[in-house]
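# Examining the three-dimensional arrangement
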Amino acid sequence: MAANHETAASCRRHLTLLLILSSSLIYSTTTNTVSANAIFSLKYRYEGTNRSLNSLKAHDTKRLRMLSTVDLPLGGAGRPDSSGLYYARIGIGTPPKSYYMQVDTGADVTWVNCVECTDCPKRGYHGIELTLYDPKDSLTAKMVSCDEQFCLEISQGPLTGCKANLNLSCTYAELYGDGSSSTGYFVKDTIQYDQVSGDLQTTAANGSVSFGCSAGEFVDQASSDEALDGVLGFGKSNWSMISQLASSGRVRKMFAHCLDGVNGGGIFAIGQIVQPKVNTTSLIPGQPHYNVNMTAVKVGSDFLSLPSDFFEAGGQKGAIIDCGTTLAYLPQVVYEPLVSKILAQQPSLDLRTVQDQYSCFQFSGSVDDGFPPVTFYFQPSLSLVVAPHEYLFLVDDLWCIGWQNSGNQTRDKMNLTLFGDLVLSNKLVLYDLENQTIGWTKYNCSSSIEVKDEQSGTVHLVGAHYITSSTARARASVNVVEIVTIFLFIFGCFPLSSNS
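Quick summary incoming for the structure in this document.

If you walk across this open sheet you meet the five strands as E14-E17-E26-E18-E25, and the pairing is mixed. Looking at which strands have only one partner, the edges of the open sheet turn out to be strand E14 (291-292) and strand E25 (403-405). Of the pairings in the sheet, the one linking E14 to strand E17 (residues 319-321) comprises two bridges and is antiparallel in character. Within the sheet, the bridge partner assigned to Asn 291 lies in E17 and is Ile 320. Strand contacts of helix H5 (residues 332-343): strand E18 (328-330) and E25, with the helix running at about 140° to E25, the strand carrying the most contacts.

Right, let's get into the state of the cysteines. For the structure on display, the rule yields six disulfides. The disulfide partner of Cys 151 is Cys 170, and the gap between their sulfur atoms is 2.2 Å. Across the S-S bond of Cys 151 and Cys 170 the torsion is about 95°, and the bridge reads as right-handed. Of the two residues, Cys 151 sits in helix H3 (residues 149-154) while Cys 170 sits in the loop between H3 and strand E6 (171-175), which places them 19 residues apart along the sequence. Cys 170 carries the same exposure label as Cys 151, and that label is buried. The disulfide bridge from Cys 360 ends at Cys 400, spanning 1.9 Å between sulfur atoms. An S-S torsion of about 105° defines the bridge between Cys 360 and Cys 400 as right-handed. A residue pair is termed long-range when its members are at least 10 positions apart, and Cys 360 in strand E20 (residues 358-361) and Cys 400 in strand E24 (residues 398-401) qualify at 40 residues.

For the rest of this paragraph, the subject is unusual backbone geometry. Negative phi values dominate among residues other than glycine, just as trans dominates among peptide bonds. In the segment running from Thr 94 into Pro 95, the intervening peptide bond is cis, with an omega of 0°. For the peptide bond that leads from Gln 275 to Pro 276, omega is 5°, which places it in the cis range. Here Pro 276 is to be found in the loop between strand E12 (272-275) and strand E13 (279-282). Positive phi, close to 65°, is recorded for Asn 426, a residue that is not glycine. Unusually for a residue other than glycine, Gln 436 sits at a positive phi of about 55°. Structurally, Gln 436 is set in the loop between strand E27 (427-432) and strand E28 (437-442). Assessed through its relative accessible area of 35%, Gln 436 is described here as partly exposed.

Parameters and conventions
Residues numbered from 1 in each chain as written. Predicted model: local features only at pLDDT ≥ 70, side-chain atom pairs only at ≥ 80, totals over all residues. Heavy atoms only, no water. Pairing = 2+ DSSP bridges. Helix = DSSP H or I, 4+ residues; strand = E, 2+ residues; numbered from the N terminus. Contact = heavy atoms within 4.5 Å. Axes fitted to C-alpha atoms, helices over the stretch in contact; angles between N-to-C directions. Disulfide = S-S within 2.5 Å. Buried < 20%, exposed > 50% of the residue type's maximum accessible area, 1.4 Å probe, protein only.

This is the structure we're talking about:
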């Protein structure tokens, strides 16, 4: 009996050790090396759904407050039912748990809903199982203290009370114009992503990043039908996801996305893009977002007559490129002549107003044949062409204009130009923070791109992805069972036969 107790105690000790070991084995799988290529599988958040116009415009209304340095309370409601947000699935913690995160180039802070959030939904878009992050469940989680450099940078100085209590956690608060907020504290933990290892092949890789542990529900997640676990911030700042991974030497400080507006999903790759070739323009220095100098606007073959210094006026310089926004916003001085020239192509249209703000009409022919493309020009020789089928969207049997008048919707008529997924979809967009440039080219986002392996110099294909089920999590669970079972047999905790 004593021998049996001793064997049982030994097995319990081995089991505890093996559970920790197996968790580490599953998560680490590869040793991270300098300047690897990483990819994220994307899904089109509202793909395949019949959305009303209300919820998307409400999202952009709140988002414009977040992007701006001044109060921009936008009115109205509405969304194109063919547009939406894109999200990726990543692993966080050791052992890793899967989280569905909105990919956002207009946000710097990466955050995930945490166990303190009592109002967060259990399921989100299309029944996705949402997971609340708990630092206590991760072997690699570490609270970010108030005196760490990360906290000093993101808080723009020391937090109140930090000198008296150096164990104080680094807190944050994202406040919005409608009074909503996302608040919490920062945690440093391991994230898992896919590293390119060959043509259309990846291996698991990981790195440590600091991110927000949100105790309150994000402003855009009022409806559980649209909820996600959090936000992947790919903005310009030193604390964004791309900047943290690059500073640790794991990736190049450049990435690209190709959002498939037709089939959903797309490509999101970190590293040097070799093909397709992309023309670029310089980012405007000193701006918090991906701002670029826009020099002209053309509708069909006609250039709009605009003041030469117009795009330098106002509180936001140039045009903002942001895949976290859905629509496209133009200053009133651009919006009005642009829409007038578009509609002048079909003078007999019977315009109707949908939901008190959208100009809509019936049109039985091909919109690409009946209406002009819109072209935006940037320094020195970059252009962005938006086809009619991209800036027009169907609501029932009506075609509606997707351009939004930012001047008409802001309190101070601010000169805000912002390009969201309405114009960025079906284009490969390259963000090069090492050289402070951005560029794009029209592309089939269901195909593949070529990226360079910085270690070997070889070039690999990276294809489009579409998130299905959490099969990776299931495979990891099977591996845990197999590893633990094998070792328990070795330690004699399970009999190998009925006669043992």
